[in-house]
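What follows is each chain in one-letter form.
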Amino acid sequence: MSNEMEKVNKATELWEEKVVKPRLGKFKLKENQTKFYTPKDIEGFNFLDKVGYPGTYPYTAGNDPVPKWQAFAAKQAIASTRYEWGSTGGSGAGKYAGFGTPEDYRDYLLRMHKIGRKAGPNFAFDLPTQCGYDSDDPRAEGEVGKVGVAIDSLKDFEIVYEAYHDDLEIDKVASNFTMNSAASVIIAMYAVLAEKRGIPLEKLRGTPQNDILKEYVGRGTYIFPPRPALRLFRDTALFCTKNMPRLNVTSIGGYHMREAGATREMDLAYSMAIGATYLQVAIDGGLDIDEIAPRVTFNGFGGSMEIYQEIAFQRAARRMWAKMLKERFGAKNPRGMMIRQISTAHIGCSSTTLQRPLNNISRAVVGGIAAGMSGALPFAAMPPYDEPLGLGHSLEAQQLGHDATRILIYEAKLGEVNDPWAGSYFMEKLTDDIEKSATVEFEKIEKMGGALGAIESGYMQKSVSRNAYVKQRKIENQEEFVVGVNCFNGPNEIDVKSERSLENVYPSELKDTAGVRKIESLKKLKEERDNDEVKKHLASLKEHAGDEEVNLMPDIINCVRSYATLQEICDTLRGVFGVAKASTI
């Protein structure tokens, strides 16, 4: 131990005895409710190994040394350009959205185009579509078009994309698809749409979520057992890498597991384990790590109001992923070692409250600050304050969220420093602790056979469910506090209201009639298509599904091209693969 460290340790002991202890005695406290960090907490800290520089391995300090949004911030302000998610023209996909029938979503997109939001579609699918059912299936009753757009066939895809032509042709905008269990079918629809428009597949850009393993742990929209589902991931990864090289192959959703109840360390460990599984499956299928890794993105980590921990979490996640890619997989391409996600830290939708919803603006700003201090745009518009009030974010809520982001950039000047916490005794200790805890959990999963084994045994699902229960009990017992929910909700508190213009976003009469209208259009499709062609291609799909070595994407594309429906394709695969059963908690 150096003389300097000995001095620090002696000074710490003296401070605790002479300053802290009397203060605790005055308040009759057994322990201090605050912490203070010193050099001894990160003894042996090596800056280059642990942090490095923005844009360099191990990416702890961030992916980008010159963020585009900060570089052009002044010009954007002078021009009053609405630089926001969903208005950036051909530079990316737009705001996550979708409801009703394909016609309803198409018309919504056209309305957004008129107010300057001309980015590509970012599909939210309804639950029947996500679970591989058509709108006319009895199990879809009451759910058609409710939490997203209903997509039953290529015809529906063609209708949505009627909003994209000329300057907004599909090779000029990116498209995102929040689909997992049936991602192969949606990717096939995208490919056939391009084919029909004479657009080479290699020009298509976008991101299918295609994160099926997370569904067994978090959201629950799975169809097939994990192993055949992972085969479909392999088939899409190989097909897209070869034929659609500008399309990402997955967007790993650790955030969804956090929403389901995972702790911060579970979120990180499970996401790393799932990512490692996807990479290995693609490698086993014949891809090189530097082919597949740059096409892997993350939907987002994070999801709490604990600002310090969420900042440290992002730093730890970047370092952990980079180390795994380099040391375990031998990656050489820097792009593949980066965690690429639309934002970094955020509060998550589950941190918003139905009670006194305008308080959610303040909560989202906390998330924006955390994002700005952990390597990304200080995005304070996710989620809009009215997230818990029902489907569809009002234009007012979106405006307030984007203005909050602008205030953080232009008035708080949050983007002037990359990784402002670099070298902090506190933040480096916290980052190390999160990485160590996540690594312990990750190694535990590896001994189970990786993410696949941990899911098949039910380990991940049970761990998340148990923690969700513990978390809720803490709120109910006032061990954790949520303003306006379990504290500060007396008779003298005021529930402040705000206007919400929702009809221009998702008109209620369209949502209410979506099921009937969709069933009618599906009936017409089945009458007009060549049903012999449909049967032929479904039979080929069934035959090849029984052979593990065959890539099913060509068969699925043929089915889609003949206007076979999503459920017809999924039912064919159900007949071969079986159906996943929920884990016993």
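Coordinates for the structure precede this section.
Residues numbered from 1 in each chain as written. Predicted model: local features only at pLDDT ≥ 70, side-chain atom pairs only at ≥ 80, totals over all residues. Heavy atoms only, no water.

It is worth spelling out the sheet that holds strand S4 (residues 205-208) at this point. Taken in spatial order, the four strands make up an open sheet running S1-S2-S3-S4, and their pairing is parallel. At either end of the open sheet lies a strand with only one pairing partner, and these are strand S1 (93-97) and S4. Taken pair by pair, the neighbouring strands of this sheet meet at an average axis angle of 10°, ignoring direction. Summarising the sheet, strand S3 (residues 174-178) and S4 pair through four bridges and their orientation is parallel. Following the sheet pairing, Ala174 is matched in S4 by Arg205. (Pairing = 2+ DSSP bridges. Helix = DSSP H or I, 4+ residues; strand = E, 2+ residues; numbered from the N terminus. Axes fitted to C-alpha atoms, helices over the stretch in contact; angles between N-to-C directions.)

Here we come to the packing of aromatic side chains. Given two aromatic rings, their pairing is described by the distance between the two centres and the angle made by the two planes. Overall, the coordinates contain 23 aromatic pairs when judged by the stated rule. Note on Tyr161 and Tyr164: the rings are 5.9 Å apart at their centroids and 55° apart in plane angle, and the pair reads as tilted. Look at Tyr164 and you get buried, because its relative accessible area is 0%. In textbook terms, an aromatic cluster arises when at least three aromatic residues are bridged by ring pairs, as seen for Tyr105, Tyr108, Phe123, Phe125, Phe157, Tyr161, Tyr164, Phe177 and Tyr190. (Phe/Tyr/Trp six-rings, centres within 6.5 Å; stacked < 30°, edge-to-face > 60°. Buried < 20%, exposed > 50% of the residue type's maximum accessible area, 1.4 Å probe, protein only.)

Mapping Ser508 onto the fold places it in helix H21 (residues 508-528). Measuring from C-alpha to C-alpha, the distance between Ser508 and Gly100 comes to 9.6 Å, with 408 residues separating the pair along the chain.

With 18 residues, helix H20 (residues 459-476) should reach 26 Å at 1.5 Å per residue; the first-to-last C-alpha distance of 26 Å fits that figure. By the burial criterion, the buried members of H20 are Tyr459, Met460, Gln461, Ser463, Val464, Asn467 and Ile475. Gln478 occupies a position one or two residues after H20 and carries a positive phi of about 60°. (Expected span 1.5 Å × (residues − 1).)

Here the focus is empty space enclosed by the protein. Under the criterion given, the structure shown has three cavities of 30 Å³ or more. Counted as a void, the largest cavity has a volume near 110 Å³. Along the walls of the largest cavity sit 15 residues, with Gly94, Lys95, Tyr108, Leu109 and Met112 positioned nearest its centre. Mapped onto the lining of the largest cavity, the elements with two or more residues apiece are S1, helix H5 (102-114) and strand S2 (120-124). (1 Å grid on protein atoms, 1.4 Å probe; cavity = no way out; pocket = protein on both sides within 12 Å on 5 of 7 lines; lining within 4 Å. Points joined across faces, edges and corners; volume = space filled by probe spheres on them.)

When the charged atoms of two side chains with opposite charge come close together, those side chains can pair. Considering all chains together, one arrives at 37 salt bridges under this definition. One salt bridge in this structure joins Lys21 and Glu17, with 3.8 Å as the shortest N-O distance. In this pair, Lys21 and Glu17 are both assigned in helix H1 (residues 3-27), four residues apart and thus about one turn of the helix distant. Note that Asp419 is salt-bridged to Arg315, the shortest N-O span being 3.1 Å. Residue Asp419 is found in the loop between helix H17 (395-411) and helix H18 (425-447), and its partner Arg315 is found in helix H14 (residues 307-328); the two are separated by 104 residues along the sequence. As far as the burial class goes, Asp419 and Arg315 line up, both buried. (Salt bridge = Lys/Arg side-chain N within 4 Å of Asp/Glu carboxyl O.)

Quick look at the side chain of Thr129 now. Within the fold, Thr129 resides in helix H6 (residues 127-130). Relative accessible area serves as the criterion here: at 1%, Thr129 is assigned to the buried category. Reaching out from Thr129, the side chain makes a polar contact with the side chain of Asp126 at a distance of 2.6 Å. A polar atom in the side chain of Thr129 sits 3.1 Å from the backbone nitrogen of Ile151. Residue contacts for Thr129: discarding those within four places in its chain leaves Val149, Ala150, Ile151, Met179 and Leu566. (Polar contact = N/O pair within 3.5 Å; in protein donor to acceptor, adjacent residues only side chain to side chain. Contact = heavy atoms within 4.5 Å.)

Okay, the environment of Arg246 next. Structurally, the position occupied by Arg246 is in the loop between helix H10 (226-243) and strand S5 (250-252). As a C-alpha pair, Arg246 and Thr207 span 39 residues in sequence and 9.2 Å in three-dimensional space. Among all residues touching Arg246, those that are not within four sequence positions of it are Glu202, Lys203, Leu204, Arg205, Gly206 and Arg295.

If a probe as big as a water molecule is rolled over the atoms, it shows which places are left empty. Estimates place the volume of the second largest pocket at around 1,000 Å³. Elements that contribute at least two residues to the lining of the second largest pocket include exactly helix H11 (254-260), helix H12 (264-284) and H20. With seven residues, the top contributor of residues to the lining of the second largest pocket is H20. Grouping the constituent residues of the lining of the second largest pocket by class yields nine nonpolar, eleven polar and nine charged. (Nonpolar A, V, L, I, M, F, W, Y, C, P; charged D, E, K, R; others polar.)

On to the nonpolar core. Phe123, Phe157, Leu213, Met244, Leu268, Tyr270 and Met460 are the most contacted members of the largest nonpolar core, which totals 130 residues. Among the elements that make up this core, the one with the highest residue count is H12 (twelve residues). In contact with Met460, other than residues within four places in its own chain, are Val217, Tyr270, Ala273, Ile445, Ala451, Ala454 and Ile455. (Core = buried A, V, L, I, M, F, W, Y, C linked by side-chain atoms within 4.5 Å.)

The next subject is the pairing of S2. Here S2 lies mainly inside the structure; five of its five residues are buried. The pairing of S1 with S2 spans three bridges and is classified as parallel. Bridge pairing links Tyr96 to Asn122 in S2. With H5 bridging S1 and its parallel neighbour S2, the resulting β-α-β unit is right-handed. (Right-handed = clockwise from strand over helix to strand, strands pointing away.)

Turning to the environment of Ala580, a few remarks are in order. You can see Ala580 is positioned in the segment after helix H24 (566-577). Taking the relative accessible area as the measure of exposure, Ala580 reaches 15% and is therefore buried. When sequence neighbours within four positions are dropped, the list of residues in contact with Ala580 reads Tyr216, Tyr222, Ile223, Phe224 and Pro225.

The grouping of Trp15, Val19 and Phe36 at the surface amounts to a nonpolar patch, some 320 Å² of accessible area in total. Residue classification places Val19 among the partly exposed residues on the basis of a relative accessible area of 48%. (Patch = residues over 30% accessible without salt bridge, like charges linked within 9 Å, V, L, I, M, F, W, Y side chains within 5 Å. Areas by Shrake-Rupley, 256 points an atom, 1.4 Å probe, with all protein chains shown as cover.)

Read these as geometric descriptors, not functional statements.
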